[in-house]
Amino acid sequence: MKILVINCGSSSLKYQLFDMADESVLAKGLVERIGIDGSRLKHTRTGQEAVLVEQPIPDHKVAVSLVLKALLDKQHGAIKSLDELGAVGHRVVHAGEKFSCSVRLDDAVMAALKECIPLAPLHNPANIIGIEAISASLPNVPQVGVFDTAFHQTMPDYAYMYAVPYGYYKDAKVRRYGFHGTSHLFVSHRAAEILGKPIQDLKIVTCHLGNGSSVTAVKNGKSVDTSMGFTPVAGLVMGTRCGDVDPSVVTYIAAKEGAEKADKILNKESGLQGISGKSSDMRDIEEGMKAGDARCTLAYNMLCYGIRKYIGAYAAAMGGIDVLVFTAGIGENSPEVRASVAEGLEFLGIKVDAAKNDFRGKERIISPEGAPVTVMVVPTNEELVIARDTLRIISGR
Ligand code: ADP
């Protein structure tokens, strides 16, 4: 069966077409700048050069129709007829407390996702638009929602609650939700598979380090704590998000700048960007650090120190740690960050072998042979999880 995976942002749409017989990717692409000047589609059929379609793309409906056209294209496409599409799987950011696993999308689920819009005002509307655009073009194809928050629904209440008046939880749903769940789920399961051990027997800390970053404690296959919170702004220092701060910093900045501007400052102007004053991109930060830039060095050190603290905290939360996993852009590609994070964690049994760690972007164990904690790099593949879940659900498994 062929499954199309869609990840809709407010002005973008990423897609991958899988052949689930062997889980191969037949084609993939990205629609950018939807609704703004310079919109374009970049489509790649596996094994071919990418093709670029530059034209006005006023909304997600037009974007979906262009994607389907590209998939059907005689030269660059991957299917002959839309009937070949068995299902569409969507990444959906926020499902609140409503869904702890992926579900088939129907009217009731869509209504529930709309109720979650106040919890993810930037992400959920885009995800919903994407689902509706596919429904309009492919009314008879089943669709499945895979939620960033779902994997973390197993956290115990004492880990997900904030100590603010209880009514804010009961009535306004203020609590820790956690994000990147699909990635943490994928890499923790893959790590267990690589080790040849049942995930039920393992205590794993997964570090998803990208533009957005989060750390999760996965005990016996379940998320028991995670660093992102009510929104993805909590936890680690990120590209432009501030991560954990004293809540009074927020009210202090909001009193000075107004709530809306404060939100923008903490989400878009903070993190590596805010500290370095140079860039939100880790490659630039590392380059700046090597050139002796003090603020780049500070930003780098703050990120690595924060990751180290979370690893220690989650080892305590789980009563130990067997496996430490690095993934996503920084985790997969920065040997420097991996080494800096491990430095000083020897007391927990965490050690990185410099020679094994000297690579980018592959699946590999980087701890010394026989080390108490297996440290590994596992490239994430959220699209594949979405495709697998979509197949499982429409097959009634
Ligand atoms: P997103 O959260 O947008 O999916 P990614 O997982 O693609 O982000 O991660 C993007 C981050 O990965 C950026 O900070 C980028 O600088 C970093 N990154 C990518 N390649 C490297 C590299 N070779 N060395 C260090 N950092 C890298």
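Rules and cut-offs
Here the residue index of a chain counts from 1 through its sequence in written order. Residue-level local features of this predicted model are given only where pLDDT is at least 70; pairs of side-chain atoms are given and counted only at 80 or more, and the full residue set underlies all totals for whole chains, interfaces and linings. Hydrogens and water molecules were not included; the side-chain quantities draw on all heavy atoms of the structure. UniProt positions are given in the numbering used here, feature names are shortened, and annotations may be inferred rather than shown by experiment. For Phe, Tyr and Trp, rings pair up if their centres lie within 6.5 Å, where Trp contributes its six-membered ring, and each pair is then called stacked (planes under 30 degrees apart), edge-to-face (over 60) or tilted (otherwise). Buried residues are those whose accessible area, probed at 1.4 Å on protein chains only, stays under 20% of the maximum for their type, while exposed residues exceed 50% and partly exposed ones sit between those limits. Any Lys NZ or Arg CZ found within 6 Å of a ring centre and within 35 degrees of that ring's normal is scored as a charge over the ring. Side-chain atoms alone can form a polar contact between residues adjacent in sequence; in general such a contact is a pair of N or O atoms within 3.5 Å, and within protein one must be able to donate a hydrogen while the other accepts it. Strands are runs of DSSP state E lasting at least two residues, helices are runs of H or I lasting at least four, and both sets are numbered from the N terminus onward. Only heavy atoms enter the contact rule, under which two residues are in contact if any of them lie within 4.5 Å. Near is defined per residue: the residue qualifies when any heavy atom it owns lies within 4 Å of the molecule or strand. Computed by Shrake-Rupley with a 1.4 Å probe, the accessible areas treat only the displayed protein chains as cover when residues are assessed.

Looking up the chain in an unreviewed UniProt entry gives the name Acetate kinase, with the organism given as Jonquetella anthropi DSM 22815. In the Subunit (unreviewed entry) part of its UniProt record, the chain is described as follows: "Homodimer." For the record of the chain, the UniProt heading Subcellular location (unreviewed entry) holds the text "Cytoplasm".

A separate point is the packing of aromatic side chains. Applying the stated criterion across every chain, the model contains 5 aromatic pairs. Their ring planes at 70 degrees and their centres at 5.7 Å tell us that tyrosine 166 and tyrosine 169 sit as a pair that is edge-to-face. What makes tyrosine 169 buried here is its relative accessible area of 13%. Linked through ring pairs, Tyr160, Tyr166 and Tyr169 together constitute an aromatic cluster. The positively charged end of arginine 175 is found above the aromatic ring belonging to tyrosine 160, 3.6 Å away from the centroid. In this arrangement the basic side chain of arginine 338 is found over the ring face of phenylalanine 359, its NZ or CZ atom lying 4.7 Å from the centre.

Time to look at helix α7 (residues 247–257). The distance from a side-chain oxygen at the start of α7 to the backbone nitrogen of serine 248 is 2.8 Å, and the residue carrying that oxygen is aspartate 246. Positive backbone phi, at 90 degrees, marks glycine 258, one or two positions downstream of α7.

This next bit is on the UniProt feature "active site" (unreviewed entry) in the chain. UniProt's entry tags Asp148 with the feature "active site" (unreviewed entry), counted in the numbering of this structure. By secondary structure assignment, the location of aspartate 148 is in the loop between β8 (143–147) and α4 (157–160). The exposure class assigned to aspartate 148 is buried, which follows from its relative accessible area of 2%. Dropping the residues within four chain positions of it, aspartate 148 is found in contact with Arg91, Val92, Val93, Gly178, Phe179, His180, Gly181 and Thr182. A polar atom in the side chain of aspartate 148 sits 2.6 Å from the side chain of arginine 91.

A few words now on the site of the ligand. Taken together, 13 residues lie near the ligand, and Asn211, Asp281, Met282, Arg283 and Gly329 sit nearest. Between the ligand and methionine 282 there is a distance of 3.0 Å, counted from an oxygen atom to a backbone nitrogen or oxygen. Within the backbone of isoleucine 330, a nitrogen or oxygen atom sits 3.3 Å from an oxygen atom of the ligand. Burial of the ligand by the surrounding chains reaches 72%, relative to a free accessible area of 580 Å². Those elements giving two or more residues to the shell around the ligand turn out to be α10 (282–290) and α12 (328–333).

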